[in-house]
Amino acid sequence: MSSNHLQYETSPYLLQHKDNPVHWWAWGTDALAEARRLHKPILLSVGYAACHWCHVMAHESFEDEATAALMNNLFVNIKVDREERPDIDALYMDALHMMGEQGGWPLTMFLTPKGEPFWGGTYFPKKPSYGRPSFQTILKEIARIYKEEPKTVLNNSDVITKHLKQHSSFLVNSADDGDSVILNSSQLREFANKLYDIVDLKWGGTQGAPKFPQVGLFEFLWRKGLHLNNTDFQGSVRLSLRNMCQGGIYDHLGGGFARYSVDDKWLVPHFEKMLYDNALLLDLMCEVSRETEDPLLKQRIFETAEWVLREMIAEGGGFAASLDADSEGVEGKFYVWDRDEVIAVLRDRGMGDMVEPFCKIYDVQENGNWDGKTILNRLEAIDYFGEDGAMEGGEDMEMDLQKCRNILLNARTHRIRPSWDDKVLSDWNGLMITSLAKAGEIFAQTHWIAASITAFDFVVTQMMEVGRLYHSYRAGQAKVSAISSDYANMIGAALCLYQITTEEKYLDYAKDWADILDQYYWDHDEGGYFLIAQDTNDVLIRQKSARDDATPSANGVMVSELSKLFVLTGEMSYKDRAEKLAQVFSSSAGDNLFAHTKFFSGILDLSSLIHVVISGQNKEGRDAFVKAFYDVSLPGAVLQVVPDASVLPEHSPAKPKAITSDGVVAYICVGALCLEPATDLADFRGRLLLARGDRLTNI
């Protein structure tokens, strides 16, 4: 007799459904075998713990006895946490797109017992609404078609599966002379111009709504802005970050960014907070702050980093995945305010004189600014924190506003909190380890670096076996074989910690994981890394692309990381592999600019990676040069600090420039071109600015 099997899982999302009357299975060979045994179609439902509409469909349908009875009678029902099984989510989301449907979560797909998709959608209401039929109607009709029109099902599944296989197949591009083609400088400049054309020059971000941070796009524009000295590109990035930092998408009390804004001015967030969004935004804010010293960005960097340490550390020291959008079944309830409540709390804590200024600056209205409630924001009071950091009322005003925020934050702690998804994901942890450690180095916050090291240690001790990573960990169990993004992002984390600490063990981890990627994930026929390993046995198709999703693509990331491994080790195999990746995806990337921005940034690293070697026995002198390095925005640059330049590998681009000196010497190489060594800090800074520019790199 069948039952709900989710009680045996560790994923918070799956456990949310363990008491459903639906006879859920978790994805795996056992569930697929059950479908084949019963000759029943599969109903696949994909979501995640912080997903609002996933909760809505669960309450309406999966908790309903009548709907569950239909599901149990007609289908083998499989529930998937998209964060735990991104490979399953990516495959069937692509299938939905091939049906001409818009993607989203919950993802609802209907599969043959072999796992082949033949129809699907996203959220289906319990009763007909939103122009969609009821979920029960869908269930009955799909079951009827599966039973009475097998040729229709077979044709649909064959066509979709064929297209999925073709979509995951890429041939190396060749020029007329037989040489492989990689995107060149003029193409990247053209792509940047086209991407700039879709930027909202009033509110930042991309035009229209809903509005996602799109960090990869703005990272690429920032990099091209530096290369070309294009102030329009740079300005669009700063505009976007400043408006996000002042909008309702940012939590002005607790810190951290929500996943996206439903409007075009960053006012109304979809309130879930994801680790990866905050990692990516933290990194971009740091890079822009290095260049501009923008006080607003610095404040948001500190607040976001401290939020991570306060609210996103899982047991053992890894970084947790997300915070839910809902509390008490209501989206955003934890975060919004009534004006009367704000006034009462501030007056009760002796800040009555600040009530009116606070309400004016934070848009606290009588009838609210969203659905009768107030989302705290400073979009209409950006001038209170101007370009130069000046504020109406001066520093005293900001200190009083900080007191008010602290009082309201304390009051908020007494509310019922949103649920916390405390599973640890290798790829998302790789992103946050990198961002938080780099921020700690830039702003001299050693406890941020320490937290990053602790998280790294957690991954390698609790989520690795015989040299291979697991993707997910929770409740004492490491689960699911790693995807290529786990290795790519953890390689990035290892190389970041190597640059900061100079400890060789981090470089060794990066090299070992690159070897694992080559052994288990590389496509030996056409090139490129598959999403899943060759020994994964429960997925219909091994997908491969350089398209970014919510997080950067593994193939895009690895173009950069392999380039870094080359300059750090001098081993040509890394450079060769990076060039092969660039060749494989260059033509397809040009067909969809929006989805390949990490890959474009990777091409910049491959073509013009800045490698800075700081050498000298005087630690105080080395530290001064390191500080100067972090005072200039150098996206993707590799820093190597060594007591003696003679220890550089033989094939390092900087090796021929090595000189003997009693003081500190800095070597700056861009690709294969190296500048004359710098021994003076002012000269060093000037050469750094030269190294990133179009005059030298021609990129």
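Cut-offs used in this document
- Residues numbered from 1 in each chain as written.
- Predicted model: local features only at pLDDT ≥ 70, side-chain atom pairs only at ≥ 80, totals over all residues.
- Heavy atoms only, no water.
- Pairing = 2+ DSSP bridges.
- Helix = DSSP H or I, 4+ residues; strand = E, 2+ residues; numbered from the N terminus.
- Contact = heavy atoms within 4.5 Å.
- Axes fitted to C-alpha atoms, helices over the stretch in contact; angles between N-to-C directions.
- Disulfide = S-S within 2.5 Å.
- Buried < 20%, exposed > 50% of the residue type's maximum accessible area, 1.4 Å probe, protein only.
- Right-handed = clockwise from strand over helix to strand, strands pointing away.
- Lys, Arg positive; Asp, Glu negative; His and termini not counted.
- Salt bridge = Lys/Arg side-chain N within 4 Å of Asp/Glu carboxyl O.
- Core = buried A, V, L, I, M, F, W, Y, C linked by side-chain atoms within 4.5 Å.
- 1 Å grid on protein atoms, 1.4 Å probe; cavity = no way out; pocket = protein on both sides within 12 Å on 5 of 7 lines; lining within 4 Å.
- Points joined across faces, edges and corners; volume = space filled by probe spheres on them.
- Nonpolar A, V, L, I, M, F, W, Y, C, P; charged D, E, K, R; others polar.
- pLDDT = per-residue confidence, 0-100.
- Expected span 1.5 Å × (residues − 1).
- Phe/Tyr/Trp six-rings, centres within 6.5 Å; stacked < 30°, edge-to-face > 60°.
- Lys NZ or Arg CZ within 6 Å of the ring centre and 35° of its normal.

A. The arrangement of the sheet that holds strand β17 (residues 638–642) in detail. Spatial strand order, β17-β16-β18-β19: four strands in an open sheet with mixed pairing. Of all strands in the sheet, those bounded by a partner on one side alone are β17 and β19 (673–674). The pairing of strand β16 (residues 610–615) with β17 spans five bridges and is classified as parallel. Across the sheet, the residue bridging to Ser 615 is Val 642, located in β17. In the packing of helix α20 (residues 554–569) onto the sheet, contacts are made with β16 and β17, and the angle to β17 comes to roughly 25°. Contacts between helix α24 (residues 681–691) and the sheet are confined to β16 and β18 (665–670), with β18 contributing the most and set at about 5° to the helix.

B. Local environment of the state of the cysteines. Applying the stated criterion across every chain, the model contains two disulfides. Cys 51 shares a disulfide with Cys 54; S-S distance 2.3 Å. On the sign convention where negative means left-handed, the S-S torsion of about 80° between Cys 51 and Cys 54 marks this disulfide as right-handed. Judged by relative accessible area, which is 3%, Cys 51 ranks as buried. For Cys 54, a relative accessible area of 2% translates into the label buried. Between the sulfur atoms of Cys 669 and its disulfide partner Cys 674 the distance amounts to 1.9 Å. With the S-S dihedral at roughly 100°, the linkage between Cys 669 and Cys 674 falls on the right-handed side. Since its relative accessible area comes to 0%, Cys 669 is described here as buried. Shown here for the protein is a disulfide pattern of 1-2, 3-4, where each number marks a bonded cysteine counted in sequence order.

C. Broad picture of the environment of Lys 598. Along the chain, Lys 598 falls in helix α22 (residues 597–608). Judged by its relative accessible area of 17%, Lys 598 falls in the buried class. Between the C-alpha atom of Lys 598 and that of Arg 685, which follows or precedes it by 87 residues, the distance is 27 Å. Once you skip the residues sitting within four places of it in the chain, Lys 598 turns out to touch Glu 219, Asp 548, Pro 552, Gly 556 and Val 557.

D. How the structure looks around the pairing of β17. Counting buried residues in β17 gives five out of five residues, a clear majority hidden from the surface. Burial along β17 is two-sided: the residues Val 638, Gln 640 and Val 642 and Leu 639 and Val 641 are all buried. For the segment spanning β16, helix α23 (residues 619–630) and β17, crossover handedness is right-handed.

E. Looking closely at the side chain of Asp 486. When you line up the elements, Asp 486 lands in helix α18 (residues 484–501). Buried and unpaired, Asp 486 has no salt bridge, with Arg 85 as the nearest side chain of opposite charge at 9.5 Å. Setting aside residues no more than four positions away along its own chain, Asp 486 makes contact with Ser 426, Asp 427, Leu 469 and His 471.

F. Focus on the nonpolar core. Residues Leu 44, Phe 456 and Phe 684 are the most contacted members of the largest nonpolar core, which totals 209 residues. If we skip the residues at most four places from it in the chain, Phe 456 touches Ile 433, Met 490, Ala 493, Ala 494, Leu 497, Tyr 506, Tyr 509 and Trp 513.

G. How the structure looks around the sheet that holds strand β5 (residues 117–121). Within the open sheet, the five strands sit side by side as β1-β3-β2-β4-β5. Their pairing is mixed. Across the chains shown, the open sheet's two edge strands, defined by having one partner strand only, are β1 (24–26) and β5. Between one strand axis and the next, the sheet turns through 30° on average, direction left out of account. In the sheet, β1 pairs with strand β3 (residues 76–81) via three bridges, with the strands oriented parallel. Bridging across to β3, Trp 25 finds its partner in Ile 78. The strands touched by helix α5 (residues 86–98) within the sheet are β2 (42–47), β3, β4 (107–111) and β5, with β4 carrying the most contacts at an inclination of about 80°.

H. Spatial organisation of empty space enclosed by the protein. Evaluated as defined, the whole model comprises three cavities of 30 Å³ or more. Taken as a whole, the largest cavity spans an internal volume of roughly 150 Å³. Residue lining of the largest cavity: 17 residues in total, with Gly 248, Tyr 250, Asp 251, Phe 271 and Tyr 335 positioned closest to the centre. Taken together, the residues of the lining of the largest cavity break down into eleven nonpolar, three polar and three charged.

I. Focus on the confidence of the model for the protein. The pLDDT averaged across the protein works out to 92; a share of 94% of its residues lies at or above 70. In the predicted structure, residues 170–178 sits below a pLDDT of 50 and forms 24 contacts with residues beyond four places in sequence or in another chain.

J. View of helix α15 (residues 394–412). A rise of 1.5 Å per residue sets the reference length of α15, with its 19 residues, at 27 Å; its end C-alpha atoms lie 27 Å apart and thus fit the reference within 8%. Met 397, Glu 398, Leu 401, Cys 404, Arg 405, Ile 407, Leu 408, Leu 409 and Arg 412 are the residues of α15 that are buried. Looking at the packing, one finds that the buried side of α15 touches α12 (295–311), α13 (339–348) and α14 (355–361).

K. The packing of aromatic side chains, seen in detail. Within this structure, the stated rule accounts for 33 aromatic pairs. Between the aromatic rings of Phe 456 and Tyr 509, the centroid separation amounts to 5.5 Å while the plane-to-plane angle is 70°, which identifies the pairing as edge-to-face. With Phe 456 in helix α17 (residues 446–462) and Tyr 509 in helix α19 (residues 504–520), this pair connects stretches of sequence that are 53 residues apart. The class of Phe 456 is buried, set by a relative accessible area of 0%. Between the aromatic rings of Tyr 509 and Trp 513, the centroid separation amounts to 5.3 Å while the plane-to-plane angle is 25°, which identifies the pairing as stacked. With Tyr 509 and Trp 513 both in helix α19 and four residues apart, the pair spans about one turn of that helix. The exposure class of Tyr 509 is partly exposed, given its relative accessible area of 24%. Given the relative accessible area of 1%, Trp 513 is considered buried. Among the aromatic residues, ring-to-ring pairing joins Trp 24, Phe 62, Phe 75, Phe 110, Trp 119, Phe 124 and Phe 135 into one connected group. Note that Arg 468 overlies the ring of Tyr 520, its terminal NZ or CZ placed 3.7 Å from the centroid.

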